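Architecture at a glance
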Amino acid sequence: MTERRLLLVNGPNLNLLGTREPEIYGTETLADVERLVVDAAAGLGFEVRAVQSNHEGVLLDAIHDARLDCAGIVINPGGLTHTSVVLRDALAGVALPVAEVHISDVMQRESFRHHSYVADVAVVHVVGEGVAGYASAVRRLIAVIEGQADG
Ligand code: CA2
């Protein structure tokens, strides 16, 4: 039976959401993001385990653990998006469906934000929709999971 639980991963510096750079990231906090994701998932019958860390290894361990009891991963890797082969390898290694979320429109920002090491291991991509994009990612990821469950 498919586990009805998602792992929500927020990478480095996303604990600062709502405290600065509101013109880029809005005014909602990490707690608001986590509540939004929990509510969106609950409406579709899924639980959420949320992790945010500024330490790459903590994120890797949470992703590895998701193998045991999660059906998919919603991740905003923060700046690790553009730098981290090991994060990409962890996501590929657990072989769960992944939704990659970015609050800002990275393609309209500095060129170093245009490349994502995660993009081609993710099945859902939500970029530049603000914090609301997390809820959209949850809905689209669950649709993928349910499609897989039916198959
Ligand atoms: O747009 C996004 O969600 C990003 O993943 C956010 C990352 C950035 O490095 C990516 O290029 C795009 C940065 C997260 C830092 O978030 C902060 C939020 C408020 C104040 C300061 C940092």
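One structure accompanies this document, and this report is about it. This is a predicted model, so every value here is computed, not measured.

On inspection of all chains with the given rule, the structure shows ten salt bridges. Across the salt bridge formed by E3 and R5, the nearest N and O atoms sit 3.6 Å from each other. When its relative accessible area of 35% is taken as the criterion, E3 is described as partly exposed. Classification of R5 as buried rests on a relative accessible area of 18%. Its salt-bridge partner being R35, residue D32 comes within 3.1 Å of it at the nearest N-O pair. In this pair, D32 and R35 are both assigned in helix α2 (residues 30–42), three residues apart and thus about one turn of the helix distant. Residue D32 is classed as partly exposed on the basis of its relative accessible area, which comes to 25%. On the accessibility criterion, R35 (48% relative accessible area) is partly exposed. Linked through salt bridges whose partners overlap, the residues forming this network are E3, R5, E47, R49 and D69.

Turning to the layout of surface pockets, a few remarks are in order. Taken as a whole, the largest pocket encloses approximately 380 Å³ of empty space. As for the largest pocket, its lining consists of 19 residues, and the residues nearest its centre are P12, N13, L14, Y25 and R113. Considering only residue class, the lining of the largest pocket consists of seven nonpolar, eight polar and four charged.

In this structure, L6, F46, V74, Y134 and V138 are the most contacted members of the largest nonpolar core, which totals 24 residues. Mapped onto this core, the elements with two or more residues apiece are β1 (5–10), α2, β4 (98–102), β5 (124–127) and α5 (132–150). Among the elements that line this core, the one with the most residues is α5, at seven residues. Filtering out sequence-adjacent residues up to four positions away, F46 remains in contact with E3, R4, R5, L6, A41, A71, I142, I145 and E146.

The next subject is the side chain of S53. With respect to the helices and strands, the residue S53 is situated in the loop between β2 (47–52) and α3 (56–69). Overall, S53 belongs to the buried group, its relative accessible area being 7%. A distance of 2.9 Å separates a polar side-chain atom of S53 from the backbone nitrogen of H55. In this structure, S53 is in contact with N10, G11, P12, V58 and L59, ignoring residues within four places of it in sequence.

On to the site of the ligand. Residues in close proximity to the ligand total 16 residues, the closest being N76, H82, I103, S104 and R113. H82 is positioned such that a nitrogen or oxygen atom in its side chain is 2.7 Å from an oxygen atom of the ligand. The separation between an oxygen atom of the ligand and a polar side-chain atom of H102 is 2.9 Å. The cavity where the ligand resides is the largest pocket. Split by residue class, the shell around the ligand holds six nonpolar, seven polar and three charged.

Relative to the elements of secondary structure, V101 occurs in strand β4. The buried category is assigned to V101, whose relative accessible area is 0%. Separated by 30 residues in the primary sequence, V101 and V131 have C-alpha atoms spaced 9.1 Å apart. Filtering out sequence-adjacent residues up to four positions away, V101 remains in contact with V74, I75, N76, P77, V126, G133, Y134 and A137.

The subject of this paragraph is the environment of V9. Structurally, V9 is set in strand β1. Classification of V9 as buried rests on a relative accessible area of 1%. In the structure, V9 is positioned 50 residues away from L59 in sequence and 7.3 Å away in space, judged by C-alpha atoms. Residues contacting V9, with those up to four places away along its chain left out, are V51, L59, I63, I73, V74, I75 and N76.

Criteria and thresholds
- Residues numbered from 1 in each chain as written.
- Predicted model: local features only at pLDDT ≥ 70, side-chain atom pairs only at ≥ 80, totals over all residues.
- Heavy atoms only, no water.
- Salt bridge = Lys/Arg side-chain N within 4 Å of Asp/Glu carboxyl O.
- Buried < 20%, exposed > 50% of the residue type's maximum accessible area, 1.4 Å probe, protein only.
- Helix = DSSP H or I, 4+ residues; strand = E, 2+ residues; numbered from the N terminus.
- 1 Å grid on protein atoms, 1.4 Å probe; cavity = no way out; pocket = protein on both sides within 12 Å on 5 of 7 lines; lining within 4 Å.
- Points joined across faces, edges and corners; volume = space filled by probe spheres on them.
- Nonpolar A, V, L, I, M, F, W, Y, C, P; charged D, E, K, R; others polar.
- Core = buried A, V, L, I, M, F, W, Y, C linked by side-chain atoms within 4.5 Å.
- Contact = heavy atoms within 4.5 Å.
- Polar contact = N/O pair within 3.5 Å; in protein donor to acceptor, adjacent residues only side chain to side chain.
- Near = heavy atom within 4 Å.
- Sits in = over half its atoms within 2 Å of the grid points.

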